[in-house]
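As a plain string of letters, each chain reads:
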Amino acid sequence: MSLYNLKRDPSWFFSYIENYYHLFLDIKFDNKVVSNAVIKFSMELGLQGFEGLLFYIYKPHSKKIKFGLVKHSIDQTHHIENLNYNLSESPTNSLDLIIIPFGYFKDEYKLTLSVLSEKSEAGFEVYAWSPSSLYKHVKSVIRIGNQYNELIPIADYKGYYFQTDSAFKGNETGRLFDLINLLVEIDNSKDEFTNEPIIEPMDSDIKALVKKSNEFLFELCQTSVPLEIKNLLRELKRLKFNIDSLSKEEIFNWLDDLITFYSEKPK
């Protein structure tokens, strides 16, 4: 399915993540819910044959972005609680939720997903996005050539998906810090006419994400690692213990310096 032929357009975040492998969930809540209700829901998420980090992000209403990060071991299932969606802020009963994997897939893997809510029954469709390895700097070609591929559930088990496209992969774990910088960029964005912030401030949420990502990356590197990676981890550890005293801009600059330094080192 072509990106712009999707029933819903995830453009609020897509322009930032078109170069990341990711999963796009189109979650639909039933129409029996009162239109001004806040739907509280949870998600059960599992990946067989994957090891790494799973980042998820969605908009509970037009002015707010929520996100989280979980560390995933092979064949682990996560119960993600305290999710919510404000129907009064949306013209439809549909919610876009994006999952970005950082890590490694085996040749064969399976995805299990379920969405649960006390107030509403929820159904969903899942699509996989693989960034183009060609025309990286030609946006119009990317948007015409790339596509979301729908994942079809196994017929005898609702919510159990398998991925047949070998082009879909996990993103490198180091790219998580590029994503954090993107969140800072979004957090700083303002309306071009009113100069008002487009979304509610995410400063504390971004700091919490940096802390959690540092902890998870340390845990993933328990085995022996090259000296260069040890130096990078040492810098991340310094950032972790100083994060409460830093501003959002200082965190952004620190991460930006690390990305620039290590991306420019010879392979």
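It should be noted that the structure appears before, not after, this text.
Overview of the structure. Positions within a chain are numbered from 1, following the residues in the order the chain's sequence is written. Owing to the predicted nature of the model, reporting of local features is limited to residues with pLDDT of at least 70; listing and counting of side-chain atom pairs is limited to 80 or more, with chain, interface and lining totals taken over all residues. Derived side-chain values reflect all non-hydrogen atoms in the structure, with water molecules and hydrogen atoms excluded from consideration.

1. Comments concerning the pairing of strand S3 (residues 64-72)
Argument step 1. Of the pairings in the sheet, the one linking strand S2 (residues 38-61) to S3 comprises 8 bridges and is antiparallel in character. Residue pairing across strands places Phe 55 opposite Leu 69, the latter belonging to S3.
Argument step 2. The pairing criterion for strands is at least two bridges between them, as found by DSSP. Numbering of helices and strands runs from the N terminus; a helix is a DSSP stretch of H or I covering at least four residues, while a strand is a stretch of E covering at least two. Following S2, the chain reverses through 2 residues before pairing antiparallel with S3.

2. Some points on unusual backbone geometry
Argument step 1. Unusually for a residue other than glycine, Asn 82 sits at a positive phi of about 60°.
Argument step 2. Although it is not a glycine, Asn 195 sits at a positive phi angle of roughly 65°.
Argument step 3. Here Asn 195 shows up in the loop between helix H3 (176-187) and helix H4 (203-220).
Argument step 4. With a relative accessible area of 52%, Asn 195 lands in the exposed category. Under the scheme applied here, a residue whose accessible area is under 20% of the maximum for its type counts as buried, over 50% as exposed, and between as partly exposed, the area being computed with a 1.4 Å probe on protein chains only.

3. Some remarks on the pattern of salt bridges
Close approach of charged atoms allows side chains of opposite charge to pair.
Argument step 1. Whenever a carboxyl oxygen of Asp or Glu lies within 4 Å of a side-chain nitrogen of Lys or Arg, that contact is scored as a salt bridge. Applying the stated criterion across every chain, the model contains 6 salt bridges.
Argument step 2. The closest approach of N and O atoms between Asp 244 and Lys 211, which form a salt bridge, is 3.2 Å. Taken together, the residues span a long stretch of sequence, with Asp 244 in the loop between helix H5 (227-242) and helix H6 (248-263) and Lys 211 in helix H4 at a distance of 33 residues.
Argument step 3. Taking relative accessible area as the criterion, Asp 244 reaches 60% and is therefore assigned exposed.
Argument step 4. Here the residues in one salt-bridge network are Asp 26, Lys 28 and Glu 125, joined through shared partners.

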